[in-house]
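# What the coordinates show
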Amino acid sequence: MRIDELFSVAGKRVVITGGSRGIGEMIARGYIENGAEVIITARNAAVCDGLAGVLGERCTSIPADLSKMAEIERFADAVATKWDRVDVLFNNAGASWGATVEAFPEVGWDKVMDLNVKSVFFLTQKLLPLLKRENAVGGEMSRVINIGSIDGQQVSDLETYSYAASKAGVLHLTRMMAKYLAKDGIAVNAIAPGFFPSKMTAGVAEMVGDAIIEATPLKRWGTPEDMAGVALFLGSRASGFLCGSTVTVDGGYKSTV
């Protein structure tokens, strides 16, 4: 098979949550630039609409707050109104909260868990009619790709208790979903990013950015190209035998801590 066929995402219909900035934007740009149709969603309507305007007519903005069940259902209905299928779903929307164990508030737990874990499960559930493929096992399956974190694979140096717990949950939820959705023609995998520039990691970069680079064998943070490359691979035929896997994209950082 030709490499351009194996790795092609042209014509695929892709939903990206948290798609207006950071890792979500990196993924959206990668897919748009390679011929896919993309729906992005985020809580900030102005930012979400603005990026869709920049990315062009193959990108649609449907803002939503996916930490709320009613918004998950509204968003899924809007996707179903526009498309009769979804080829790739990126569950990327996420939040973090930092505080000492003594001071950690309930809102910092619930906000993070609702968005980072609950929305992953229930948005996938609501989009199942668009994701399911009959007789796809052995052929071209749809994809669900959950964005975890290396903080779900190791003990972080930061006191972000709910974030770390949520990302560990996402990675195990990925394995659970992979086992039970494969029969419906859906392959579920995850990405565990290390340190990439984003609004969420801006504070981390300011506090310990140099130390992170020093502890990373590749001696740098991730770039949009790094994230887009893995995301495109997982949405293409090239990843056809991956199911329940987590691809760690961290420049080797996790191997040193």
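Residues numbered from 1 in each chain as written. Predicted model: local features only at pLDDT ≥ 70, side-chain atom pairs only at ≥ 80, totals over all residues. Heavy atoms only, no water.

The name an unreviewed UniProt entry gives the protein chain is NAD(P)-dependent dehydrogenase (Short-subunit alcohol dehydrogenase family), with Polymorphobacter multimanifer as the organism. According to the UniProt record, the Sequence similarities (unreviewed entry) comment for the protein chain reads "Belongs to the short-chain dehydrogenases/reductases (SDR) family." (UniProt positions renumbered as here; feature names shortened; annotations may be inferred.)

## A closer look at the nonpolar core
The tendency in soluble globular proteins is for nonpolar side chains to be buried as a group. Residues Ile27, Tyr31, Val38, Ile40 and Phe90 are the most contacted members of the largest nonpolar core, which totals 30 residues. For this core, the secondary-structure elements that each account for two or more residues are β1 (13-17), α2 (22-32), β2 (37-41), α3 (45-55), β4 (88-91), β5 (142-147) and α9 (224-234). Ranked by residues supplied to this core, first place goes to α2 with six residues. Dropping the residues within four chain positions of it, isoleucine 27 is found in contact with Ile16, Phe90, Ile147, Met227 and Ala231. Membership of the second largest hydrophobic core comes to 29 residues, among which are Ala76, Val86, Leu127 and Leu181. (Core = buried A, V, L, I, M, F, W, Y, C linked by side-chain atoms within 4.5 Å. Buried < 20%, exposed > 50% of the residue type's maximum accessible area, 1.4 Å probe, protein only. Helix = DSSP H or I, 4+ residues; strand = E, 2+ residues; numbered from the N terminus. Contact = heavy atoms within 4.5 Å.)

## Some details on the pattern of salt bridges
Think of it this way: side chains of opposite charge can pair up when their charged atoms draw near. Counting across every chain of the model gives 15 salt bridges. Put simply, arginine 143 and glutamate 140 hold a salt bridge, and the shortest N to O gap is 3.9 Å. We note a salt bridge from arginine 220 to aspartate 226, for which the minimum N-O separation is 2.7 Å. Judged by its relative accessible area of 38%, arginine 220 falls in the partly exposed class. (Salt bridge = Lys/Arg side-chain N within 4 Å of Asp/Glu carboxyl O.)

## Regarding the side chain of aspartate 184
Its place among the elements puts aspartate 184 in the loop between α7 (161-181) and β6 (186-193). Taking relative accessible area as the criterion, aspartate 184 reaches 18% and is therefore assigned buried.

## Focus: the packing of aromatic side chains
Inspection of every chain in the model, using the stated rule, returns six aromatic pairs. Measuring from centroid to centroid gives 5.5 Å for tyrosine 31 and phenylalanine 90, while their planes differ by 70°, and the two rings are edge-to-face. Of this pair, tyrosine 31 sits in helix α2 while phenylalanine 90 sits in strand β4, and the two are 59 residues apart along the sequence. Residue tyrosine 31 is classed as buried on the basis of its relative accessible area, which comes to 0%. According to the relative accessible area criterion, phenylalanine 90 is buried, its value standing at 0%. Judged by centre distance (5.1 Å) and plane angle (85°), the rings of phenylalanine 195 and tyrosine 253 are edge-to-face. Placement of the pair is phenylalanine 195 in the loop between β6 and α8 (202-215) and tyrosine 253 in the segment after β7 (246-249), with a sequence separation of 58 residues. A network of ring pairs unites the aromatic residues Phe195, Trp221 and Tyr253 as a single cluster. (Phe/Tyr/Trp six-rings, centres within 6.5 Å; stacked < 30°, edge-to-face > 60°.)

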